[in-house]
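Okay, here's what each chain looks like letter by letter:
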Amino acid sequence: MGQLPSALPPVQSSSALQAWGSRTSGRAIFANASHQQLLDNFRQLSTQQSSEGYHAQTLLKAVDSLRGPASPVNSMLKPNQPTRRLLVAGGFEIEYELNSYYGHCQTDVEIVDIRMAKEDAREERRSALWRIKFDQQVGWIPEEKEPRTTLTASPAQKGNKESPVKVGVNGHSRQLKYAADTLSKHISRGDKGKAASLQNSGFQLLYVPSTNSAIGAEWVSIKSLGLNGTDEQRVASRILAQHMLEAYQKGLYIEWTAHKDGAWVLTEAMRQLTTQRIDLQRKQKIFLSDAASSHVVADRMRHTLNMDTYDSSWHNTAPGPAQLVGGTHLGVAPLLCLVDEFRHRSNADEKFGTAGDLLWQAGTKGLVVSGAATAIISTAGVPMSLALLGASILIASLPSARDDYFKNPGQQLGSWLARLRKHN
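Given the structure is predicted, the values throughout are model-derived calculations rather than measurements.

Trainee: Which residues make up the packing of helix H7 (residues 262-274) against helix H8 (residues 295-304), and what are the values?
Mentor: For the pair H7 and H8, interaxial distance at closest approach is 9 Å and the crossing angle is 40 degrees. In terms of crossing hand, the pair formed by H7 and H8 is left-handed. Of the residues in H8, those touching H7 at Thr267, Met270, Arg271 and Thr274 are Val297, Ala298, Met301, Arg302 and Thr304. The class makeup of the residues in the contact of H7 with H8 is 4 nonpolar, 3 polar and 2 charged.

Trainee: Could you give me a rundown of the sheet that holds strand S10 (residues 203-207), with the residues and numbers involved?
Mentor: With mixed pairing, 6 strands are arranged side by side in an open sheet as S8-S7-S10-S9-S12-S13. Every interior strand has two partners, whereas the edge strands, strand S8 (139-142) and strand S13 (284-289), have only one. Adjacent strand axes in the sheet meet at a mean angle of 30 degrees, parallel and antiparallel pairs treated alike. Note that strand S9 (residues 165-169) and S10 share 3 bridges and pair parallel. Pairing of valine 167 across the sheet is with glutamine 204, part of S10. In this fold helix H4 (residues 176-187) packs onto strand S7 (128-135), S8, S9, S10, strand S12 (254-259) and S13, with an angle of close to 125 degrees to the strand it touches most, S10.

Trainee: I'd like to hear about helix H1 (residues 33-45), residue by residue, with values.
Mentor: A rise of 1.5 Å per residue sets the reference length of H1, with its 13 residues, at 18 Å; its end C-alpha atoms lie 18 Å apart and thus fit the reference within 8%. For H1, the complete set of buried residues consists of His35, Gln36, Leu39 and Phe42. Viewed along the axis of H1, the buried residues span an arc of 125 degrees, placing them on a single side of the element.

The rules behind each value
Residues numbered from 1 in each chain as written. Predicted model: local features only at pLDDT ≥ 70, side-chain atom pairs only at ≥ 80, totals over all residues. Heavy atoms only, no water. Axes fitted to C-alpha atoms, helices over the stretch in contact; angles between N-to-C directions. Helix = DSSP H or I, 4+ residues; strand = E, 2+ residues; numbered from the N terminus. Left-handed = near helix turned anticlockwise from the far one by under 90°. Contact = heavy atoms within 4.5 Å. Nonpolar A, V, L, I, M, F, W, Y, C, P; charged D, E, K, R; others polar. Pairing = 2+ DSSP bridges. Expected span 1.5 Å × (residues − 1). Buried < 20%, exposed > 50% of the residue type's maximum accessible area, 1.4 Å probe, protein only. Arc of directions from axis to C-beta.

Next comes the structure, spelled out in structure tokens:
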């Protein structure tokens, strides 16, 4: 057989890898012909002033973030495959390999697959950020038919110090509307005035489904190796970390409220953000409601990131079993937080006050009861207080008691007793 004419280039396989985009610095990104074409199409689409253009910009920014020396905060790895990674970005998931194609010490990126998760997010099968509004007829509902890929301010919540953006992270839910109704109560902290204001302004919700069918199943976080959290929660933590980073880059003031297992998602996102050595300049703050994950870890993360820690009430006191065991470690967590404050964040003049507070709490709370028990013991006899505490814990463990926000255990107990009386 004769050779091909020199004027004609050899036919290149569609699966052959080529470098995509500029390689002026950082890693080179390789992709096959079909993925190259897809990325080029998104680059053209990104110039348009439309929702599709914003989606395209999100994807391209995610791809370009792979050129950096460190793995992005919203990336995950696959067990037993040390070079395989997954980047979770908005409505996309980018699967890639880390290899060295140029033969240097610097690793390069090979894009293996680009998946669009928009439909799964729309159908509530995947974690996503939604805008939530209040309708007088049906209650809390999504403001739009599709979730948002970016975190933005609104006319009612401008993202400044006086008008921060309010974002909820749900812990368990049957559907998006159910999660929205639950988080509205916890964002307003049981305050009627705040509840009315929230109805006028709406809020944003990182919805975490409880279907155990996340696209990113089997992927684990690079930092914690996935020792905690479900598949959905791990994917949600990557998405949330990206939104927290996005808010930081935009200089937005944000109030994050996490309910139950949503606290793990929020804490894990914060942990990922600490790897970037970011100073949030006290523009973001958190509130954990009936948290099922450690208050101690969350407290350390918020100080490391220089969040707004001025509010002394950054978590509630509903004595649910999940919070007592996972959140407060049976009352030890408040003491450990004070120890951290004493050792690392108190100057010489403040140490005496912190030490006194530590001794007082150790003497009144002990090491086996939560702060909720102290309030009860101070107003009742010890035997009665223990009975009330036990009843409160039992009530808080019921599924129907997980959704409402209570300012104290007594309010929770009273609400449940009133409900019993109504049905009798």
